[in-house]
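# Tertiary structure, described
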Amino acid sequence: EDVPQFEQRCDDTPSQIVVRYIGGDCDGSVNMQDNLFFCYDYQGGPTDEACMVVRDIRGGDIIWYDDIVEVADAFPIVLSAEEVDMEELEPNMNVTIYRGDCSSQEPEDILQTLIFHTSCSDNLFLRDIYGSIEIIGFENAEQGEIDCESTPAPVEPPIFEPPIMTPEPTFFP
């Protein structure tokens, strides 16, 4: 698979990541996290409004987001009240998308669950797609606030077209 040219790599553990819910199944993922990204679809995966829960992967009580999302909704994943003494997000996140209005978060309601690495010690870029979410911003101590609005999309390299050469007539004596 071709991986698109990325314009902004995250170089330091973020204190915030901004994501956009784009719907779609795991097969639509475009990122370079290889063995640090896992995604599983259930019941065809998410396609429209859903309940999204973002938490730490250790199964702890850290919940960064828990609300209904519609396709194209963007929201920040920031340190929770339980993490007030921390300066950075946990290095891995679990995103689980449920059908419905968040009143039921039972296993039979899961449409997609994914885990991705968020410490930026491995590849994390703007516009990465992990299942049904897209990274559209991050903030860290080294780079400050970076987002798709302030960072232009990559420029496509110009297409090289060789000049058309017409052969010179050859005369033989």
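Residues numbered from 1 in each chain as written. Predicted model: local features only at pLDDT ≥ 70, side-chain atom pairs only at ≥ 80, totals over all residues. Heavy atoms only, no water.

According to the stated counting rule, one finds three salt bridges in the structure shown. Here Arg20 and Glu134 are joined by a salt bridge, their closest N and O atoms 3.0 Å apart. Of this pair, Arg20 sits in strand β1 (residues 16-21) while Glu134 sits in strand β9 (residues 133-140), placing them 114 residues apart in sequence. Of the residues examined, Arg20 reaches a relative accessible area of 29% and is grouped as partly exposed. One salt bridge in this structure joins Asp109 and Arg99, with 3.3 Å as the shortest N-O distance. (Salt bridge = Lys/Arg side-chain N within 4 Å of Asp/Glu carboxyl O. Helix = DSSP H or I, 4+ residues; strand = E, 2+ residues; numbered from the N terminus. Buried < 20%, exposed > 50% of the residue type's maximum accessible area, 1.4 Å probe, protein only.)

Let us now look at a nonpolar patch on the surface. A contiguous nonpolar surface patch, about 310 Å² in accessible area, is contributed by Phe38, Tyr40 and Tyr42. When its relative accessible area of 37% is taken as the criterion, Phe38 is described as partly exposed. (Patch = residues over 30% accessible without salt bridge, like charges linked within 9 Å, V, L, I, M, F, W, Y side chains within 5 Å. Areas by Shrake-Rupley, 256 points an atom, 1.4 Å probe, with all protein chains shown as cover.)

To continue, consider the packing of aromatic side chains. How two aromatic rings sit relative to each other is set out by the distance from centre to centre and by the angle between their planes. Evaluation of the coordinates by the stated rule reveals three aromatic pairs. Look at Phe116 and Tyr130: their rings are 4.5 Å apart centre to centre, the planes differ by 20 degrees, and that puts the pair in the stacked class. Of this pair, Phe116 sits in strand β7 (residues 110-117) while Tyr130 sits in strand β8 (residues 129-130), placing them 14 residues apart in sequence. Across this residue pair, the class does not change: Phe116 and Tyr130 are buried. Grouping aromatic residues by their ring pairs yields a cluster made of Phe37, Phe116 and Tyr130. (Phe/Tyr/Trp six-rings, centres within 6.5 Å; stacked < 30°, edge-to-face > 60°.)

One open sheet accounts for five strands, arranged β2-β7-β6-β3-β4; its pairing is antiparallel. Here the strands that pair on one side only, and so sit at the sheet edges, are β2 (38-41) and β4 (63-69). When strand polarity is set aside, the average angle formed by the axes of neighbouring strands in this sheet is 10 degrees. With seven bridges joining them, strand β6 (residues 92-98) and β7 adopt antiparallel strand pairing. Directly across from Tyr98, in β7, lies its bridge partner Ile110. (Pairing = 2+ DSSP bridges. Axes fitted to C-alpha atoms, helices over the stretch in contact; angles between N-to-C directions.)

Quick look at the environment of Asp41 now. The residue Asp41 is located in strand β2 in this model. Distance in space between the C-alpha atoms of Asp41 and Thr113 is 6.8 Å, their sequence separation being 72 residues. Apart from residues no more than four positions distant in its own chain, Asp41 is found in contact with Asp25, Cys26, Asp27, Pro46, Leu111 and Gln112. Only 2.7 Å separates the side chain of Asp41 from the side chain of Gln112, close enough to count as a polar contact. (Contact = heavy atoms within 4.5 Å. Polar contact = N/O pair within 3.5 Å; in protein donor to acceptor, adjacent residues only side chain to side chain.)

It is worth spelling out the pairing of β1 at this point. Across the six residues that make up β1, a large majority, five, are buried. Two elements, β1 and strand β5 (residues 74-78), share five bridges in a ladder whose sense is antiparallel. Across the sheet, the residue bridging to Val19 is Phe75, located in β5. Relative to β9, β1 runs antiparallel, the two being bridged by six bridges. Its bridge partner lying in β9, Gln16 is registered against Glu139.

These values are about where atoms sit, not about what they do.
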